[in-house]
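Listed below are the residues making up each chain.
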Amino acid sequence: MRRLAGFWFALPALAWILFFFALPVLIMAGYSVRPLNADGTMGPFSVADYAAFFAEPAYVTALIDSIITTLIVVAASTLLAYPFAWCIAYVVPKQYQRAALIAAILPFWTSYVVRSYAWLLALSPVGVVNKILLSLGLVGHPLMFAYNPQATEFGFVHFFLMLNTLTIYASLAQINPRYELAARDLGASAWRAFFEITLPLSIPGVAVGAFLTIVLCIGDYVTPQILGGFRELLLPQVIMMQIQRQLDLPMASTMSLLLTAVVALAYLSLQRWLKMARL
Amino acid sequence: MLQFRYAFSPRNLIRRLALSTLAFAVAAPMAQAAGTLNVLTWCDHEDPSLLQPFEAANGVKVNFKDIGSTADALAILGQSKPGDWDVIVMDETDTGRLERMGLLSPLEKADYPFATIPAAIANPKLTSVDGTLYTVPEKFGYNTIAFNKTAADPAAMQDIEAPWDAKYKGRVAVYDYYVPEIQYAALALGKNPDKLTDADLPAIKAKLLALKANAAMVGDVTTVQQALTTGAVDILVGGGEWVTAGIQTDSPNLTYTIPTQGGIRWQQGLGIFAASKNKPMGVKFIQYILSPEGQAKLATSSCYWGMPANTQAALTPAQKADLRWDEQATYIKHSYPYLQMTPAFDKKLQAMWAEVMQGK
């Protein structure tokens, strides 16, 4: 009876997930196995679009590049966010921690698209970065900081640094400070206490931040479109190409499901650390 | 203890919500049918200065939905009921495609000023199917070469090969719409961009790879326009009056040209949906857009400028100069419309473009 009561309580959330997540994914899966005929109408059931995707080197490269870019962004965001979150949790006085967190996320109250274009202005050959370098005589001609994959990664890291700071801070703030004190009392150095006590206990926060970064980064279209200069086409851009002209929803669905599969693999890899109760 | 006049209860709330929903469901279609014209449009039809005279003269509200492409329109139509939309602004190379889908209503040629639309723009291949008119051209322009005339020699820009010149390495931007870029590369190879086949693709791909190697970046409308106006690049392949004409006052150093070998021409038109319940108002809307007043406002839209299809457009001499009015007869003669192609060939072009962007 108690089990049934729990089921009824969970039913609204379950229905929400089924209707707004599971059903759209199923519809997308249905589309992906109905490739378009030569005349643009939907054809019979077939995995031809999956075969066509893997037969086209540019599309496979786009998928691989998307995964590599995402991994680079996760690594860079985590490495930069961790010391930042550690300082907020352990250095900033408690009464100022909330203000410090707000200051960390304040820049992100602007539109994501506007922020990407702002970085384009800053990094372009005539942007403020090049102007400073030229005026200081450090370079003889403008350097190409924008319109390349590194600019895309930079734009991503700027955004996900904030996200990872929040998740890592949430994890650090939950660690009982007595653990580290006990380790220090027993003779551990500050570094050893950090690596053997603090860092392992903060891994859930790191994992949640990493997972959220993977989910949002791998499907992002705006940042590579604005900052990437098409030096490296990522899969979301290829998906948009399928839709923009011929509305090839079957091929777009195929590619989107492949991205979903990558996210699912990421979840399976990280799930032992994704302990939401710790956040 | 406070007492409320109307006690809150779930039953009360549900009853009120149900009555409101019923009232809305009845009122909304009525409001839609009487006094509104629903238009799927590109951003250049959204200026109040363009729409208000028509709305005032006809006692109607133009309810527009912004679309970026015909595919966007098809996606919206797929989520709408027949009759939800009345008029569409579209790339006229898609006229046949939408007609085959049964979406467009036949139009009467006598209702529109075709006598003052250049013959190449009024081309039945773009506006008609089997002799029946389905779309009316309203605006056109070019995907050719835009450049900063203080940084790139205007005489050199008359040669289509200029952007491939090593002299301009790192100073070139490429607009990221694959159809005109592929046709432009074909033109640079001496091919007819109107008649491309599978056999032409390897050479076109090599040409595009060479262009990309010489370019600083490939980008969308906003990115390439920003790059040209800020001086990050000096040449834009695929650019035209839509990039330079509207900003002539602020950036008089920017201009465009059609090289001796030719350029590519974009063209947009208006059609009425077959399921529209407001066809007479749709006809009036098209007639207004094609009027001298409507054409002048459309040509100089705050979103992007372009050539009005009607040569009687009430443009000022300064606007005509910015649009290179006097050169249009030559430009039209030396330009080719977008390729009309099968979905299968379009897929091949997209895949080739993706390979070029990946540098493969």
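Residues numbered from 1 in each chain as written. Chains lettered and ligands numbered in written order. Predicted model: local features only at pLDDT ≥ 70, side-chain atom pairs only at ≥ 80, totals over all residues. Heavy atoms only, no water.

1. Re the pairing of strand β11 (residues 263-272) of chain B
Side-chain direction in a regular strand flips from residue to residue, so the side chains alternate between the two faces of the sheet.
Residues and elements named next belong to chain B.
Line of reasoning, step 1. Burial within β11 is extensive, with 10 of its 10 residues counted as buried.
Line of reasoning, step 2. With 5 bridges connecting them, strand β3 (residues 87-91) and β11 associate as antiparallel partners. Bridged to Val87 within β11 is Ile272.
Line of reasoning, step 3. As defined by bridge partners, strand β6 (residues 135-148) adjoins β11 across 8 bridges and the pair is classed as antiparallel. Residue pairing in the sheet places Pro137 in a bridge with Gly269 of β11. (Buried < 20%, exposed > 50% of the residue type's maximum accessible area, 1.4 Å probe, protein only. Helix = DSSP H or I, 4+ residues; strand = E, 2+ residues; numbered from the N terminus. Pairing = 2+ DSSP bridges.)

2. Remarks on the interface of chain A and chain B
Line of reasoning, step 1. At the interface, 32 residues of chain A touch 40 residues of chain B.
Line of reasoning, step 2. Both sides together, the interface formed by chain A and chain B hides about 3100 Å², and carbon and sulfur atoms give 51% of it.
Line of reasoning, step 3. If you sort the residues of chain A by the area they bury against chain B, A:Phe230, A:Arg231 and A:Arg245 come out on top, with a joint share of 25%.
Line of reasoning, step 4. Where chain A touches chain B, the interface holds 2 salt bridges.
Line of reasoning, step 5. In this structure, B:Lys347 engages A:Asp49 in a salt bridge whose closest nitrogen and oxygen atoms are separated by 3.9 Å. (Contact = heavy atoms within 4.5 Å. Buried area = accessible area lost by both parts, 1.4 Å probe. Salt bridge = Lys/Arg side-chain N within 4 Å of Asp/Glu carboxyl O.)

3. A closer look at the pattern of salt bridges
Line of reasoning, step 1. Scanning the model with the defined rule gives 14 salt bridges over all chains in all.
Line of reasoning, step 2. In this structure, the salt-bridge partner of B:Glu355 is B:Lys205, at a minimum N-O distance of 2.8 Å. Of this pair, B:Glu355 sits in helix α14 (residues 343-357) while B:Lys205 sits in helix α7 (residues 201-214), and the two are 150 residues apart along the sequence.
Line of reasoning, step 3. Salt bridges linked by common partners bring A:Asp49, A:Asp248 and B:Lys347 together as one network.

4. A look at a nonpolar patch on the surface
Line of reasoning, step 1. Together, A:Trp16, A:Ile17, A:Phe19, A:Phe20, A:Phe21, A:Leu23, A:Ile27, A:Tyr31, A:Met42 and A:Leu249 make up an exposed nonpolar region whose accessible area comes to about 1000 Å².
Line of reasoning, step 2. With 8 residues, the top contributor of residues to the nonpolar patch is helix α1 (residues 2-32) of chain A. (Patch = residues over 30% accessible without salt bridge, like charges linked within 9 Å, V, L, I, M, F, W, Y side chains within 5 Å. Areas by Shrake-Rupley, 256 points an atom, 1.4 Å probe, with all protein chains shown as cover.)

5. Regarding the packing of helix α5 (residues 112-123) of chain A against helix α7 (residues 149-174) of chain A
Residue and element names in this part refer to chain A.
Line of reasoning, step 1. Packing of α5 against α7 leaves a shortest axis separation of 11 Å and a crossing angle of 130°. Judged by the angle between their axes, α5 and α7 are oblique. Helix-helix and strand crossings are classified by hand; for α5 and α7 the assignment is right-handed. Within the contact between the two elements, α5 uses Tyr112, Arg115, Trp119 and Leu123 and α7 uses Ala151, Phe154, Phe156, His158 and Phe159.
Line of reasoning, step 2. Each residue belonging to the contact of α5 with α7 can be placed in one class, and the counts come to 7 nonpolar, 1 polar and 1 charged. (Axes fitted to C-alpha atoms, helices over the stretch in contact; angles between N-to-C directions. Parallel < 35°, antiparallel > 145°, perpendicular 65-115°, else oblique. Left-handed = near helix turned anticlockwise from the far one by under 90°. Nonpolar A, V, L, I, M, F, W, Y, C, P; charged D, E, K, R; others polar.)

6. Considering the packing of aromatic side chains
Line of reasoning, step 1. All told, the structure shown has 26 aromatic pairs over all chains when counted by the stated rule.
Line of reasoning, step 2. These aromatic residues form a ring-pair network of at least three members: A:Phe108, A:Tyr112, A:Phe156, A:Phe159 and A:Phe160.
Line of reasoning, step 3. We note B:Lys320 situated over the ring of B:Trp325; from NZ or CZ to the ring centre the distance is 4.8 Å.
Line of reasoning, step 4. The ring of B:Tyr256 is capped by B:Arg324, whose NZ or CZ atom sits 5.0 Å from the centre of that ring. (Phe/Tyr/Trp six-rings, centres within 6.5 Å; stacked < 30°, edge-to-face > 60°. Lys NZ or Arg CZ within 6 Å of the ring centre and 35° of its normal.)

7. Points about the nonpolar core
Line of reasoning, step 1. If you look at the biggest cluster of nonpolar residues, it comprises 151 residues, and the most contacted ones within it are A:Leu235, B:Leu40, B:Ile88, B:Ile182, B:Phe285 and B:Trp353.
Line of reasoning, step 2. The element that contributes the greatest number of residues to this core is helix α12 (residues 249-270) of chain A, accounting for 9 residues.
Line of reasoning, step 3. When residues no more than four places from it in sequence are discounted, the contact partners of B:Trp353 are A:Met241, B:Val174, B:Tyr175, B:Asp176, B:Tyr178, B:Glu181, B:Ile182, B:Leu208 and B:Val218.
Line of reasoning, step 4. Formed by 12 residues, the second largest nonpolar core is a distinct cluster that contains A:Ala81, A:Ala89, A:Leu101 and A:Val206. (Core = buried A, V, L, I, M, F, W, Y, C linked by side-chain atoms within 4.5 Å.)

8. With respect to unusual backbone geometry
Line of reasoning, step 1. One non-glycine residue with positive phi stands out, namely A:Phe230, at about 60°.
Line of reasoning, step 2. According to the relative accessible area criterion, A:Phe230 is buried, its value standing at 4%.

9. Focus: the confidence of the model for chain B
All names here are of chain B.
Line of reasoning, step 1. Taken as a whole, chain B shows an average pLDDT of 91; of its residues, 90% reach a score of 70 or greater.
Line of reasoning, step 2. Predicted confidence for residues 1-7 stays below pLDDT 50, and this span has 2 contacts to residues more than four positions away or in other chains.
Line of reasoning, step 3. The low-confidence segment residues 27-33, where pLDDT is below 50, has 5 contacts with residues more than four positions distant or belonging to other chains.
Line of reasoning, step 4. Model confidence for the complex: the whole-complex pTM is 0.85, and ipTM, which rates the interface, is 0.80. (pLDDT = per-residue confidence, 0-100.)

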